Amino acid sequence: MDDFETILYDVADGVATVTLNRPQVHNAFNQQMQSELRTVWRTLRREDEVRCIVLTGAGSKAFCAGIDREETMGHWSSEADVASQRGDTGYASATPWHFDDPGENIGPKTNDLWKPVIAAVNGMACAGAFYLLGEVDVVIAAEHATFFDPHVTYGMTAGFESMHLLQKMPFHEIMRIALAGAHERMSAARALDIGFVTEVVGAEELGEAAQRFAAIVASAPATAIQGTVRSLWAARELSRHQALDMAKVIVRLGSDPAALFEGQQRFETQGRVDWRMR
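Procedures and definitions
Residues numbered from 1 in each chain as written. Predicted model: local features only at pLDDT ≥ 70, side-chain atom pairs only at ≥ 80, totals over all residues. Heavy atoms only, no water. Pairing = 2+ DSSP bridges. Helix = DSSP H or I, 4+ residues; strand = E, 2+ residues; numbered from the N terminus. Core = buried A, V, L, I, M, F, W, Y, C linked by side-chain atoms within 4.5 Å. Buried < 20%, exposed > 50% of the residue type's maximum accessible area, 1.4 Å probe, protein only. Contact = heavy atoms within 4.5 Å. Salt bridge = Lys/Arg side-chain N within 4 Å of Asp/Glu carboxyl O. Phe/Tyr/Trp six-rings, centres within 6.5 Å; stacked < 30°, edge-to-face > 60°. Lys NZ or Arg CZ within 6 Å of the ring centre and 35° of its normal. Polar contact = N/O pair within 3.5 Å; in protein donor to acceptor, adjacent residues only side chain to side chain. Expected span 1.5 Å × (residues − 1). Patch = residues over 30% accessible without salt bridge, like charges linked within 9 Å, V, L, I, M, F, W, Y side chains within 5 Å. Areas by Shrake-Rupley, 256 points an atom, 1.4 Å probe, with all protein chains shown as cover. Lys, Arg positive; Asp, Glu negative; His and termini not counted. Charge placed at Lys NZ, Arg CZ, Asp CG, Glu CD. Axes fitted to C-alpha atoms, helices over the stretch in contact; angles between N-to-C directions.

**Focus: the sheet that holds strand 4 (residues 62-64)**
Sheet strands pair by backbone hydrogen bonding; their relative direction is either parallel or antiparallel.
Right, on to step 1. Read from one edge to the other, the open sheet built from four strands follows the order 4-6-8-9, with strand pairing classed as mixed. A strand with exactly one partner marks an edge of an open sheet, and here the two such strands are strand 4 and strand 9 (186-187).
Right, on to step 2. When strand 8 (residues 146-148) meets strand 9, the two strands line up antiparallel, connected through two bridges. Across the sheet, residue Thr-146 finds its bridge partner in strand 9, namely Ser-187.

This is the structure we're talking about:
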């Protein structure tokens, strides 16, 4: 996977690093990036050497600024231009019942990838960036990172993105982000306070922090890691009783004898691992 135009892809020691690479537009995603992200997520399902993924953005100003409005709406210059349009980002027919949601292309979980994805947020993350952050497993942020959703300020309903984040933030916090639009930004410190972000580091330490945690994840047996990711995401959609019933199946499927033997050997030969306090 080395022929992408809008993303960078690298693999080392079981960790794939995916970098959104359109810094001139704050890493906003156009159709090409949507296609390439879908390709990379779906291909990574079969790349057994990769056990964990780090997702970040090129440069230090932005992780992702959402959809590329120039591509989507840049040709609109008057009310007449929009008279025949039913929406702004993806209606596919003359009726309102078909919609091409960008999230169906760019989200790792939507694309059936159950390897852990760690987001390293290196600056501004807004609007459609929440498609991505809503489907990653861990978010680490630089101190200067900010989070906001300008949809309503510019006449757009904050729908899909808010719903993604509703699974990761308290209701009143995402409601405030959605209603404030471009007028407020959430700091990395506040995101850490409410549990959306798991760690905040200096900008120069962000890559190292994300790679350090990714290496920890990649060091464990893949079946156990992916089964854990799958079980926790499933549990969010189910009642407690349903989730525990499903866990019986997931744990049995994930109890790979080779992984159990590897774990036992590690326990017997290495004993306690070196740990750090977070």
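**Here we look at the nonpolar core**
Right, on to step 1. Counting residues in each nonpolar core, the largest one holds 43 residues, and the members touching the most others are Leu-37, Trp-41, Val-121, Leu-133 and Phe-147.
Right, on to step 2. Among all residues touching Trp-41, those that are not within four sequence positions of it are Val-18, Ile-53, Leu-55, Asn-105, Ile-106, Gly-107, Pro-108, Asn-111, Leu-113 and Val-117.

**Remarks on the pattern of salt bridges**
Pairs can form between side chains of opposite charge once their charged atoms are near each other.
Right, on to step 1. Counted according to the given criterion, the structure contains eight salt bridges.
Right, on to step 2. When the shortest N-O distance is used, the salt bridge between Glu-199 and Arg-276 registers 3.5 Å. Here the residue Glu-199 occupies a position in strand 10 (residues 199-201), and Arg-276 occupies one in the segment after helix 12 (257-270), the gap between them amounting to 77 residues.
Right, on to step 3. On the accessibility criterion, Arg-276 (45% relative accessible area) is partly exposed.
Right, on to step 4. Connected through salt bridges with shared partners, the residues Glu-199, Arg-212 and Arg-276 form a single ionic network.

**A closer look at the environment of Val-273**
Right, on to step 1. Counting through the fold element by element, Val-273 comes out in the segment after helix 12.
Right, on to step 2. Taking the C-alpha atoms as reference points, Val-273 and Ser-255, 18 residues apart in sequence, are found 22 Å from one another.

**A look at the packing of aromatic side chains**
Right, on to step 1. On inspection of all chains with the given rule, the structure shows two aromatic pairs.
Right, on to step 2. Here the aromatic rings of Phe-147 and Phe-196 are separated by 5.5 Å at their centres, their planes lie at 80°, and the arrangement is edge-to-face. With Phe-147 in strand 8 and Phe-196 in the loop between helix 8 (188-193) and strand 10, this pair connects stretches of sequence that are 49 residues apart.
Right, on to step 3. Looking at Phe-147, the relative accessible area reads 0%, which means it is buried.
Right, on to step 4. Note on Phe-196: relative accessible area 4%, which makes it buried.
Right, on to step 5. Across the ring face of Trp-114, the terminal group of Arg-230 is positioned such that the distance to the ring centre comes to 4.1 Å.
Right, on to step 6. A cation over a ring is seen here: Arg-236 above Trp-233, with NZ or CZ 4.6 Å from the ring centre.

**Here we look at the side chain of Asp-68**
Right, on to step 1. Inspection of the secondary structure assignment puts Asp-68 in the loop between strand 4 and helix 2 (69-73).
Right, on to step 2. A polar side-chain atom of Asp-68 sits 3.0 Å from a polar atom in the side chain of Arg-22.
Right, on to step 3. What Asp-68 contacts, discounting residues up to four positions off in sequence, is Arg-22, Ala-28, Phe-29 and Asn-30.

**With respect to helix 12**
Right, on to step 1. Helix length check: helix 12 (14 residues) gives 19 Å between terminal C-alpha atoms against 20 Å at 1.5 Å per residue, within 8%.
Right, on to step 2. Within two residues after helix 12, Gly-271 carries a phi angle of roughly 65°, on the positive side.

**Considerations on the pairing of strand 1 (residues 7-12)**
Right, on to step 1. In this sheet, strand 2 (residues 15-20) lies alongside strand 1 in antiparallel orientation, the contact comprising six bridges. Along strand 2, the bridge assignment pairs Leu-8 with Thr-19.
Right, on to step 2. Linking two consecutive strands that pair antiparallel, namely strand 1 and strand 2, is a turn of two residues; a positive phi of about 55° is found at Asp-13 within it.

**A few points about a negative patch on the surface**
Right, on to step 1. A surface patch of negative charge is lined by Glu-143, Glu-204, Glu-205 and Glu-208.
Right, on to step 2. Within the element layout of this structure, Glu-204 appears in the loop between strand 10 and helix 9 (206-218).

**Remarks on the environment of Met-124**
Right, on to step 1. Tracing the backbone shows Met-124 in strand 6 (residues 124-126).
Right, on to step 2. Along the sequence, Met-124 and Ala-62 sit 62 residues apart, while their C-alpha atoms lie 4.2 Å from each other.
Right, on to step 3. Among residues more than four places away in sequence, those in contact with Met-124 are His-26, Lys-61, Ala-62, Phe-63, Cys-64, Ala-65, Thr-146, Phe-148 and Arg-185.

**Here we look at the sheet that holds strand 7 (residues 138-142)**
Right, on to step 1. An order of 1-2-3-5-7-10 is seen for the six strands of this open sheet, with the pairing classed as mixed. Looking along the sheet, the strands with just one partner apiece sit at the ends: strand 1 and strand 10. Adjacent strand axes in the sheet meet at a mean angle of 20°, parallel and antiparallel pairs treated alike.
Right, on to step 2. Taken together, the four bridges between strand 5 (residues 117-121) and strand 7 define a ladder with parallel strand orientation. The partner of Ala-120 across the bridge, within strand 7, is Ile-140.

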